[in-house]
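# A structural walkthrough
Letter by letter, the chains look like this.
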Amino acid sequence: MAYRKLGRTNKHRRAMLANLTRSLIKNERIETTETRAKEVRKCFDKMVTYGKNGSLVARRNALAFLQNDEEAVKKVFNELAKRYESRNGGYTRILKLQERKGDDALVVVLELVD
């Protein structure tokens, strides 16, 4: 599977994506750069798929990825899985805002669809 390296080492990238995914789950809306948002979207889709599966193995995989954040995992399995049970993907939307002044990176809002 091809992925973006985002200028980070493997451990740093994985931790960053896990943190952004946790923030998206808890707040249902985050501001980040466009490339990060596109990668977080993949991680979030996987978490919702785990939630829809609902098995113990899926719960443990979600816990492992989300760095043992039980609050986020409960929200995925109890709320988000029910909200998106009739939907096959496309759980998030990206809204472009503006370019960041320092490095001209495109800043976007990544939010959950209703």
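Each remark here, short or long, concerns the structure printed above.
Residues numbered from 1 in each chain as written. Predicted model: local features only at pLDDT ≥ 70, side-chain atom pairs only at ≥ 80, totals over all residues. Heavy atoms only, no water.

## Some thoughts on unusual backbone geometry
- A positive phi is found at L6, a non-glycine position, where the angle reads about 60 degrees.
- Within the secondary structure, L6 is located in the segment before α1 (10-27).
- A positive phi angle is found at N68, which is not glycine, with a value near 60 degrees.
- Within the fold, N68 resides in the loop between α3 (56-65) and α4 (70-83).
- We classify N68 as exposed; its relative accessible area is 59%. (Helix = DSSP H or I, 4+ residues; strand = E, 2+ residues; numbered from the N terminus. Buried < 20%, exposed > 50% of the residue type's maximum accessible area, 1.4 Å probe, protein only.)

## Section: the pattern of salt bridges
- Applying the stated criterion across every chain, the model contains 11 salt bridges.
- The salt bridge involving R29 is made with E111; its shortest N-O contact spans 2.7 Å. You can see R29 sitting in strand β1 (residues 29-33) and its partner E111 sitting in strand β3 (residues 106-112), a full 82 residues away along the chain.
- K96 is paired through a salt bridge with E34; the nearest N and O atoms lie 3.5 Å apart. One end of the pair, K96, is in strand β2 (residues 92-99); the other, E34, is in helix α2 (residues 34-53), with 62 residues separating them in the sequence.
- What makes K96 exposed here is its relative accessible area of 55%.
- Look at the salt bridges and you will find they share partners, linking R4, E39 and K42 into a network. (Salt bridge = Lys/Arg side-chain N within 4 Å of Asp/Glu carboxyl O.)

## Describing the sheet that holds β2
- The sheet built from 3 strands is open, its strands ordered β1-β3-β2 with antiparallel pairing. Each edge of the sheet is formed by a strand with only one pairing partner; in this case those strands are β1 and β2. With strand direction ignored, the average angle separating the axes of adjacent strands in the sheet is 25 degrees.
- In the packing of α1 onto the sheet, the strands contacted are β1, β2 and β3, and the crossing angle to β1 comes to about 150 degrees. (Pairing = 2+ DSSP bridges. Axes fitted to C-alpha atoms, helices over the stretch in contact; angles between N-to-C directions. Contact = heavy atoms within 4.5 Å.)

## A look at α1
- Under the 1.5 Å per step criterion, the end-to-end length of α1 is 26 Å for 18 residues, consistent within 8% with the ideal 26 Å.
- Listing the buried residues of α1 in full gives R13, M16, L17, A18, L20, T21, L24 and I25.
- Buried residues belonging to α1 abut β1, α2, α3, α4, β2 and β3. (Expected span 1.5 Å × (residues − 1).)

## What about the packing of α2 against α4?
- Packing of α2 against α4 leaves a shortest axis separation of 8 Å and a crossing angle of 90 degrees. Comparing their axes, α4 and α2 come out roughly perpendicular. Residues F44, M47, V48, Y50, G51 and K52 of α2 touch α4, and the partners they reach there are V76, F77, L80 and A81.
- Across the contact of α2 with α4, the residue classes break down as 8 nonpolar, 1 polar and 1 charged. (Parallel < 35°, antiparallel > 145°, perpendicular 65-115°, else oblique. Nonpolar A, V, L, I, M, F, W, Y, C, P; charged D, E, K, R; others polar.)

## A word on the nonpolar core
- If you look at the biggest cluster of nonpolar residues, it comprises 29 residues, and the most contacted ones within it are L24, I25, F44, L66, L80 and Y84.
- For this core, the secondary structure elements donating two or more residues are α1, α2, α3, α4 and β3.
- Excluding residues within four positions of it along the chain, L80 makes contact with I25, E28, F44, K75 and L112. (Core = buried A, V, L, I, M, F, W, Y, C linked by side-chain atoms within 4.5 Å.)

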